[in-house]
Amino acid sequence: MRTTIRGALAALALLPALALGAPAASAAAPSPTATASGTPAPATKAGTSFLTAVNLSPGQDADVAVSTGDYLYWAFGASEGQTPTVGLTVNLAPAADRHGPQTWTVEVFDGLRRRQACTAGTQNATGDQNTASLTLNCTLREVRTWAEPWSGDPLPGTYYVRLSVTDAPQSDLGLAATTQLHVTAKGNADNAQPEGGELKAPLVPPVGGGATTAKAAAPVAAQEHWYTGWFSGWNSRWYWTIGGGFLAALAGVLGYHLTRHPRGHRPGHHGPVPPQGSHHQHGSYAERP
C-alpha cells in the first residue's frame, strides 16, 4: 500500500516538469511556413472568388494542385513606384487523359476589382493535346501615387490574380493539374514620379484583402463652416421640429383664411329684407268694404 502511494506521489511530482518540457520541444520544432533561407513557404491553396482569394505576402510564391475549369484567385500588395509582374506555369493533365487543346488565361484586377491592362506578357496560352505545360505572364503599368477617378490607372493597394480556363473540351473539365505562381516587382517609392496629387488611402478591400506594402495616409480633419452646427448634434433635431411645426401652423391659418374668404373680405348685403305680413296689391282689384 505504501509503495503504491509513493509511486503516485512521484508521478505527480513529474507532471510540472513534463508540462514545461512539452512547449520547449514544440518550440524547437521548425516552422512549416518558412523555408531554410527565410523566405515564406509557397502557398498551397487558391481562392475561388475575390472574397476568398489567398493572400500572398511579399516574396511568397504559390504551388497549388488545381482542377481544370475552376476559377483560381490570389491577392498580393503593390506600392507606389513599383511595376508588378505576374508569372504562371500550368502543368496540364497527362496527354492520355485529355481530348483536345486547352486555353488558359491570367487576369489582374486592382482593389476596386477593375481589370488592369498588361503592358507585356502572354495573357492567353493554348496548348494542344501533346503540350505538357503552359507559361503565362502579365506586366502591369507602374503603380501611381494619384490618378483621376475615370482614368483606371493602377494605384497602391491590393491586386488580384485570376487564372481560368477559357476554352477546353467538355470532357476535360475536372482533370487534375498543377500551377506555380510567382510575383515580382521592380522599382520602389523613390522611383515614383510626382503626379501633383496624393492618394488618401490605399485600395485595400475590407474583406478578403491581400497583404499590402502601401502606407495609409493620416486622417484628414473635416472642414467646418458657419452652418455646420445646424445639421449636427443632438439638439439640431429639436430646432428643425419646432421650426417645421411653426411653418405647418402658419400654412394652416393662411389656408383657412383663403378658403373661408376667397377675396379677403366679407360679402356685402344687397338691400333690406321686406317685413313679413305686409302685402302690396297692384292691378284692377278693389278692396272690399
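Residues numbered from 1 in each chain as written. Predicted model: local features only at pLDDT ≥ 70, side-chain atom pairs only at ≥ 80, totals over all residues. Heavy atoms only, no water.

It is worth spelling out the environment of glutamine 180 at this point. With respect to the helices and strands, glutamine 180 occurs in strand 9 (residues 176–186). Between the alpha carbons of glutamine 180 and leucine 88 there is a distance of 5.6 Å; along the sequence they are 92 residues apart. If we ignore the near neighbours within four places in the chain, the residues touching glutamine 180 are Ala62, Asp63, Gly87, Leu88, Thr89 and Asn91. For glutamine 180, the side chain forms a polar contact with the side chain of aspartate 63, separated by 3.2 Å. (Helix = DSSP H or I, 4+ residues; strand = E, 2+ residues; numbered from the N terminus. Contact = heavy atoms within 4.5 Å. Polar contact = N/O pair within 3.5 Å; in protein donor to acceptor, adjacent residues only side chain to side chain.)

Scanning the model with the defined rule gives one disulfide in all. Note on cysteine connectivity: cysteine 118 is disulfide-linked to cysteine 138, with sulfurs 1.8 Å apart. Here cysteine 118 and cysteine 138 share a disulfide; its torsion about the S-S bond, -90 degrees, makes the bridge left-handed. Taken together, the residues cysteine 118 in the loop between strand 5 (102–109) and strand 6 (124–127) and cysteine 138 in strand 7 (residues 133–139) connect sequence positions 20 residues apart. Side by side, cysteine 118 and cysteine 138 carry an identical accessibility label, which is buried. (Disulfide = S-S within 2.5 Å. Buried < 20%, exposed > 50% of the residue type's maximum accessible area, 1.4 Å probe, protein only.)

Turning our eyes to something else, we now look at the packing of aromatic side chains. According to the stated counting rule, one finds four aromatic pairs in the structure shown. A centroid spacing of 4.9 Å and a plane angle of 55 degrees characterise the contact between phenylalanine 50 and tyrosine 73, whose relative ring orientation is tilted. Taken together, the positions of phenylalanine 50 in the loop between helix 1 (2–28) and strand 1 (54–55) and tyrosine 73 in strand 3 (residues 72–78) put the pair 23 residues apart, joining distant regions of the chain. By relative accessible area, which is 14% here, phenylalanine 50 ends up buried. Classification of tyrosine 73 by relative accessible area gives buried; the value is 5%. Judged by centre distance (5.2 Å) and plane angle (90 degrees), the rings of phenylalanine 50 and tyrosine 160 are edge-to-face. Of this pair, phenylalanine 50 sits in the loop between helix 1 and strand 1 while tyrosine 160 sits in strand 8 (residues 157–167), and the two are 110 residues apart along the sequence. (Phe/Tyr/Trp six-rings, centres within 6.5 Å; stacked < 30°, edge-to-face > 60°.)

Next up on the list: the sheet that holds strand 3. A sheet is described by the order of its strands in space; here five strands give the open sequence 1-3-8-5-6, paired in mixed fashion. Strands at the two margins of the open sheet, each flanked by one partner only, are strand 1 and strand 6. Note: strand 5 against strand 6, four bridges, orientation antiparallel. Looking at the pairing, threonine 103 lines up with threonine 126 of strand 6. (Pairing = 2+ DSSP bridges.)

The next subject is the side chain of threonine 139. If you trace the backbone, threonine 139 turns up in strand 7. Judged by its relative accessible area of 18%, threonine 139 falls in the buried class. Within the local environment of threonine 139, its side chain forms a polar contact with the side chain of threonine 85, the two groups lying 3.3 Å apart.

The subject of this paragraph is the pattern of salt bridges. Evaluated as defined, the whole model comprises five salt bridges. Residues aspartate 153 and arginine 141 are paired through a salt bridge, measuring 3.1 Å at the closest nitrogen-oxygen approach. In this pair, aspartate 153 is assigned in the loop between strand 7 and strand 8 and arginine 141 in the loop between strand 7 and strand 8, connecting sequence segments twelve residues apart. On the accessibility criterion, aspartate 153 (12% relative accessible area) is buried. One salt-bridge network, in which partners are shared between bridges, spans Glu107, Arg115 and Arg162. (Salt bridge = Lys/Arg side-chain N within 4 Å of Asp/Glu carboxyl O.)

On to the confidence of the model for the protein chain, then. In this model, the protein chain carries an average pLDDT of 76, and 62% of its residues clear a pLDDT of 70 or more. Segment residues 209–218 is flagged for pLDDT under 50; beyond a separation of four residues in sequence, or across chains, it makes 28 contacts in the model. (pLDDT = per-residue confidence, 0-100.)

Once that is clear, we can look at the sheet that holds strand 7. With antiparallel pairing, four strands are arranged side by side in an open sheet as 2-9-4-7. Two strands lie at the open edges of the sheet, namely strand 2 (62–67) and strand 7, each paired on one side alone. On average, each strand axis in the sheet is tilted by 20 degrees relative to the strand beside it, whichever way the strands run. (Axes fitted to C-alpha atoms, helices over the stretch in contact; angles between N-to-C directions.)

A few words now on the nonpolar core. Within the largest apolar cluster, 30 residues are counted, with the highest numbers of intra-cluster contacts made by Trp74, Leu88, Trp104, Val161, Leu163 and Leu181. Among the elements of the structure, strand 2, strand 3, strand 4 (83–91), strand 5, strand 7, strand 8 and strand 9 are those that each provide at least two residues to this core. (Core = buried A, V, L, I, M, F, W, Y, C linked by side-chain atoms within 4.5 Å.)

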